[in-house]
4 protein chains.
Amino acid sequence: MSSSFGQLFRVTTFGESHGPAVGVVVDGMPPGIGVDPAEIQRELDRRRPGQSALTTQRQEADRVEVLSGVFEGVSLGTPIAMLVRNTDARSEDYEKLREVFRPGHADYAYQQKYGVRDHRGGGRSSGRETVGRVAAGALARAALAGVGVRIAGGTVQVGEERAARRDWDETERNPVRCPDAGAAVRMAEVIAAVRDRKDSIGGVVEVVAQGVPPGWGDPTMAKLDALLGAAMLSIPATKGVEIGGGFAMCAKHGSETNDVFDGEKYSSNFSGGIAGGISNGAEIVVRIAVRPATSIGKPQTAATAAGGTTTIEIGGRHDPCICPRVVPVAEAMAAITLADAWLRQRALRGRDR
Amino acid sequence: MSSSFGQLFRVTTFGESHGPAVGVVVDGMPPGIGVDPAEIQRELDRRRPGQSALTTQRQEADRVEVLSGVFEGVSLGTPIAMLVRNTDARSEDYEKLREVFRPGHADYAYQQKYGVRDHRGGGRSSGRETVGRVAAGALARAALAGVGVRIAGGTVQVGEERAARRDWDETERNPVRCPDAGAAVRMAEVIAAVRDRKDSIGGVVEVVAQGVPPGWGDPTMAKLDALLGAAMLSIPATKGVEIGGGFAMCAKHGSETNDVFDGEKYSSNFSGGIAGGISNGAEIVVRIAVRPATSIGKPQTAATAAGGTTTIEIGGRHDPCICPRVVPVAEAMAAITLADAWLRQRALRGRDR
Amino acid sequence: MSSSFGQLFRVTTFGESHGPAVGVVVDGMPPGIGVDPAEIQRELDRRRPGQSALTTQRQEADRVEVLSGVFEGVSLGTPIAMLVRNTDARSEDYEKLREVFRPGHADYAYQQKYGVRDHRGGGRSSGRETVGRVAAGALARAALAGVGVRIAGGTVQVGEERAARRDWDETERNPVRCPDAGAAVRMAEVIAAVRDRKDSIGGVVEVVAQGVPPGWGDPTMAKLDALLGAAMLSIPATKGVEIGGGFAMCAKHGSETNDVFDGEKYSSNFSGGIAGGISNGAEIVVRIAVRPATSIGKPQTAATAAGGTTTIEIGGRHDPCICPRVVPVAEAMAAITLADAWLRQRALRGRDR
Amino acid sequence: MSSSFGQLFRVTTFGESHGPAVGVVVDGMPPGIGVDPAEIQRELDRRRPGQSALTTQRQEADRVEVLSGVFEGVSLGTPIAMLVRNTDARSEDYEKLREVFRPGHADYAYQQKYGVRDHRGGGRSSGRETVGRVAAGALARAALAGVGVRIAGGTVQVGEERAARRDWDETERNPVRCPDAGAAVRMAEVIAAVRDRKDSIGGVVEVVAQGVPPGWGDPTMAKLDALLGAAMLSIPATKGVEIGGGFAMCAKHGSETNDVFDGEKYSSNFSGGIAGGISNGAEIVVRIAVRPATSIGKPQTAATAAGGTTTIEIGGRHDPCICPRVVPVAEAMAAITLADAWLRQRALRGRDR
């Protein structure tokens, strides 16, 4: 259970990697908002494989179909279901993995949890599940745009290479989706080298939200930090999240990290735009740790369902660094989280912002 | 809204720092489990102020009263409400802060969110809210103990000082709650020096769960990583969380970080005991970034409700490093999260583990 | 689990009949609303036993204490916890019922569900649990009053006696809480006669909501009918609910029951103020079937935990007709349901009504 | 929002009557259960229009497609999405209703709620939304069958005609779906006469669940009565629900309606199989009041969006009595509710029953 995220802007994804389709139902999109299938498709195109030599060469068109909740170009306030058919499902590639638990993958955990699994391409644990998230995120972005909120994101670290700048208009101009054009070149070299060694490498993705007014997010259990954290850690391959100053603050003093507010702006943003779980008017800044992709071409030792181990080589088409494709997913999850926070705050105060 | 955490083991806290009381309702404690108020009290005593020279000198007895859900020493399966009266509420200390938004605190965000706030001691944003979490966590621990799960935690970094060992039996023997006795001494010195400068310092708290069988946690949106992440980031002063290898994996390769499983054990634990959002049988390892406490004695510039700024000195009794007191809270939140995951898995498979 | 009702105006009750206390946490009360403990107490006084010769003679003062969420007479937007101590707990009365399952009561079902129970006074299944509902309902009423919504209710049938009028100002003037003064006299006679025979009798309670604007309630699964229905059927001793025309419509034609709307008012109200699950601007009308109280003084056959049966006489203090005391509870549940629907609609449209 | 029902067996429907498709996502179907698309189709065939001369003559094939969550004939434990394309969408029939609010329909309430609506065929308020419920119910039935629970239902009243018998094997043999063959003939005559007058008539549908063990359902807010009540009142055209003795108990005494239990069976079933909100081992019995269909061919006065009124004649294809088609929907909602209660009880006790 619990393929859902959000309370008022509620997103439920479905689908296995090699089943008939993947998709999503968004329940809670406010009525009267323009919904343009082309915009949804554009976000899906950012996520899909085969975009550059740095990503997997699988070719999936990922054409979205809007099934409900939109009438004459406008949201009805009713559930919006969206569907993407699985087309490039070379299931036979996976037949030999039926009885094998790939290292780093969720195969064994799924088998233990459910007692049954769709072994083809990781089934439900595949990154393909994020298609639904990105489609839902496109709706969330449209809703947020109406209240002046903009989401941006990019790859800010690959291996030891770090972005020194945050030029969010740059990210779509390079295949790494790095907001620093110079760092992007170096990151691309690192990724290409790793790819040629049939290995993978990790990185950091950053997402920011601009224009969020103070007051979004609930204190205690539903802090905006907590909801964004859950959103980010629900993305496959993420193993860490930090807000604002994050882990670097552990070695700092309060006199350094207390953002001083003069009633209009903050002297710094160690809080990452969130104080006590509530947006404070500053830019919201979230970073996530993306582990090296677990699917690698190198020979690996793997446990088998029968007991014992075997050596496997996972053929073909994998992402040497998943970060560029995580960017639109992380943006989508941030947008979904903030759309939900926005609606909760509307409920609390009975006004738009 | 949303002072609740968990779906089946559902914890709802209430209370302001200087109101009549703080407390919690736990709805979903399974029936037939021994509930010993002394055990709950012991956990609260670990959290309360005034434990050592390294923590705030406020004296609060924090006596817990169990109001419901327990009969003849055993849980009934009905909601367990627990109450702690606020006794040391020196509200007058805060009167001058009624119209001031303290730097780093949630004062301004609360005011913007609600249009009204209890300014005394941070009201609902006070760390005092965690009393209810710790009491609930004691119940979760009792429930988990029955299925062989043990939670432990400690301070593993203060400033630049890091623990090199994880001796969980050591943590309660030193005031820092560090699992490395040698590092504990150095950490204590750092904290004392910071305290004398009327400043504060950050750190890292680690929590582990031993004995969790494979299969807990749901894929996609309710990944165990995501739920633990939300749990941890809902704790005041936390600004980051990582599972297993965490951010350090960003500079590594898949061939290094793919934990090799031989059917019985793993060669490494970069996954932190969670694969695809589901426990994989290895130890669960979570670390959280604890920012320097925002309440410091040094003079600071603060915005006022009237507009403009003023200089404030927050008198008295503050924690120079909040980590030692975060430890029992983080353990409690981990226990609550895992108790919930345990019950979900029982629902899914209809058996105890 | 699931002692909670409502999504945005979320009410969680706790407490056993003969434990230390009963109470409630309301999470989602909007901020800035005046909260007067005397008003809460007044509602509790309407619910408490011992009000007239027609109700049980148990004497419980039921003094409410507000523990959180209110500051300087105004709601903070944070959880409001309220507590009522159990004072008149003659537990020894119940010792002989420890191993007996009373007819019509939930004793056996609880034992089978939980494997353990607090047998004293029905424990959690006691009508005493409704104390928390009534306290929460007082908050909901205060919130709704601010947007022009008024809740009223009364006993409209006892045995075969039916109210012919709906004078909601009359209800508090007679002990039956009947909105028809003449019928009230006859109903009181029926109840007194039943009481003298150590028996009980059923009835119908009606609740109306005036001033609800069109647009509250969600279509499909969260229809206002469905939420009100759940609210009402969660009240002990209720076994039926109907909206507007209800069961009487089963023998009618569409040409009779289609309320004709002229753009301002309706020709009739068979819909009970709800069309397609959404309020349509007419008065909301709900009626509930209240079964005869299961606690009666007559000798009865009862199953025992050991197997076999025994004859029991339930001594003392019972309600011959529970309707007069159900009225404030049903009003409270209606208010809670509508407060929740109001907040959901605020989330949807971003405006107050 | 809130097109979802259930907590652990969670059903989310989507789709407008004349949009591209209607469908459902079921999140929480336990793994390892056989899923046969033919069984799902069979239930949909019971719901679809055009089955007999007594129902609307619209012809919709309603072919279901299973998109996810099933692998090699078995449920995976992941979300099961199911889709039915809308084929017979004569939208032009409805163009003249764009600016008209039909009497008894939800047109006006939708417009007020959302500020926008799909006027074609009622959009989301159409009975066509129940396609998803019935498909989900087929899964719930399969899950429940595995633990020995059987759901049955039928039309037990049309106008003044009542069924005197409950032969659940009879219901599919007559077009009224009445469990009393003799009454079915009389009911069919009543319906035919109403149809010929271009009018409609109400009725009562009863659903029973056999084989439910004691212990399902939660006390207080999530009573099985309350959940079943919400499930039933969420079905279009229902305006009342009763459990067991229901409204008839209002005129009875406790000494009559207290079901006497001898440790094995009950002397009567006024509780309808539910005591204190928890199943007590007896047959669960629920009845719902189905109002006369609001779509009738007779000329009617209707309000217009522009203000004022007009006279409309709703042409064509309507159900003179909706009961026969409500039966499979009510059974589905009962099955969904009970599947959810089953899973909750598994969570509570960690065993199958």
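Residues numbered from 1 in each chain as written. Chains lettered and ligands numbered in written order. Predicted model: local features only at pLDDT ≥ 70, side-chain atom pairs only at ≥ 80, totals over all residues.

> Just give me the short version of unusual backbone geometry, but keep the residues and values in it.
Residues and elements named next belong to chain C. Of note, the phi angle at E72 is positive, near 55°, even though the residue is not glycine. Within the element layout of this structure, E72 appears in the loop between β5 (70-71) and β6 (74-75). Note on E72: 7 C-beta atoms within 10 Å, which makes it exposed. (Helix = DSSP H or I, 4+ residues; strand = E, 2+ residues; numbered from the N terminus. Buried ≥ 20, exposed ≤ 12 C-beta atoms within 10 Å, placed from the backbone.)

> Quick rundown of the packing of helix α1 (residues 37-47) of chain A against helix α3 (residues 130-145) of chain A? Include the residues and the values.
Residues and elements named next belong to chain A. The interhelical angle for the contact between α1 and α3, taken along N-to-C directions, is 135°, at an axis separation of 9 Å. Considering their axes alone, α1 and α3 lie oblique with respect to each other. Pair α1 / α3 crosses with right-handed handedness. In this structure, α1 uses E39, I40, E43, L44 and R47 to contact α3, whose residues at the interface are T130, V131, V134, A135, G137, A138 and A142. Here the residues of the contact of α1 with α3 sort into 7 nonpolar, 2 polar and 3 charged. (Axes fitted to C-alpha atoms, helices over the stretch in contact; angles between N-to-C directions. Parallel < 35°, antiparallel > 145°, perpendicular 65-115°, else oblique. Left-handed = near helix turned anticlockwise from the far one by under 90°. Contact = placed C-beta atoms within 7 Å. Nonpolar A, V, L, I, M, F, W, Y, C, P; charged D, E, K, R; others polar.)

> Pulling in residues and values, what's your account of the relation of the copies chain B and chain A?
Mapping chain B onto chain A is achieved by rotating through 180° and translating by 0.0 Å along the same axis, at an RMSD of 0.0 Å. Interpreted geometrically, this transformation is the action of a two-fold axis. A high fraction, 100%, of the interface residues of chain B reappear at the interface in chain A, so the copies pair face to face through one surface. (Least-squares fit on C-alpha atoms with pLDDT ≥ 70 in both.)

> I'd like a rundown of the sheet that holds strand β3 (residues 21-27) of chain D, residues and numbers included.
Residues and elements named next belong to chain D. Taken in spatial order, the 5 strands of this open sheet run β1-β2-β3-β7-β4, and their pairing is antiparallel. Two strands close off the open sheet at either side, each with one partner strand: β1 (4-5) and β4 (64-66). Sheet strands touched by helix α1 (residues 37-47): β4 and β7 (80-85). Its angle to β4, the strand with the most contacts, is close to 150°. Packed on one face of the sheet, helix α3 (residues 130-145) meets β2 (10-15), β3, β4 and β7 and runs near 35° to β3. (Pairing = 2+ DSSP bridges.)

> Outline the interface of chain B and chain A, supporting the account with residue identities and numerical values.
Reports of interface size often rely on the accessible area that becomes lost once the parts have come together. Each partner contributes to the interface: chain B provides 89 residues, whereas chain A provides 89 residues. At 6 residues, the largest contribution of residues to the side of chain B that touches chain A is made by helix α5 (residues 224-233) of chain B. Here strand β12 (residues 238-243) of chain A runs beside strand β12 (residues 238-243) of chain B; their pairing, made up of 3 bridges, is antiparallel. By the bridge assignment, V241(A) is partnered in β12(B) with V241(B).

> How would you summarise the relation of the copies chain A and chain C if you had to cite specific residues and measurements?
Between chain A and chain C, the superposition needs a rotation of 180° and an axial shift of 0.0 Å, giving an RMSD of 0.0 Å. Here 100% of the interface residues in chain A have copies in chain C that are interface residues too; the copies meet face to matching face.

> Can you explain helix α4 (residues 181-196) of chain D? Please cite residues and give values.
All names here are of chain D. For α4, with 16 residues, the first-to-last C-alpha span of 23 Å sits near the 22 Å given by 1.5 Å per residue. Every buried residue of α4 is listed here: A183, A184, M187, A188, I191, V194 and R195. An end-on view of α4 places all buried positions within 140° of arc, on one side of the element. Seen from the open side of α4, the exposed residues pointing more than 90 degrees away from its buried face are E189 and D196. The inward-facing, buried residues of α4 contact β9 (150-158) and β10 (161-162). Just beyond α4, the residue with positive phi is K198, at close to 55°. (Expected span 1.5 Å × (residues − 1). Arc of directions from axis to C-beta.)

> Mind laying out the environment of M29(B), listing which residues take part and the relevant values?
Residues and elements named next belong to chain B. Within the secondary structure, M29 sits in the loop between β3 (21-27) and α1 (37-47). Counting along the chain gives 204 residues from M29 to L233, while the straight-line C-alpha distance between them is 23 Å. Aside from chain neighbours lying at most four places away, what touches M29 is F9, G69, S75, G77, I80, L139 and A143.

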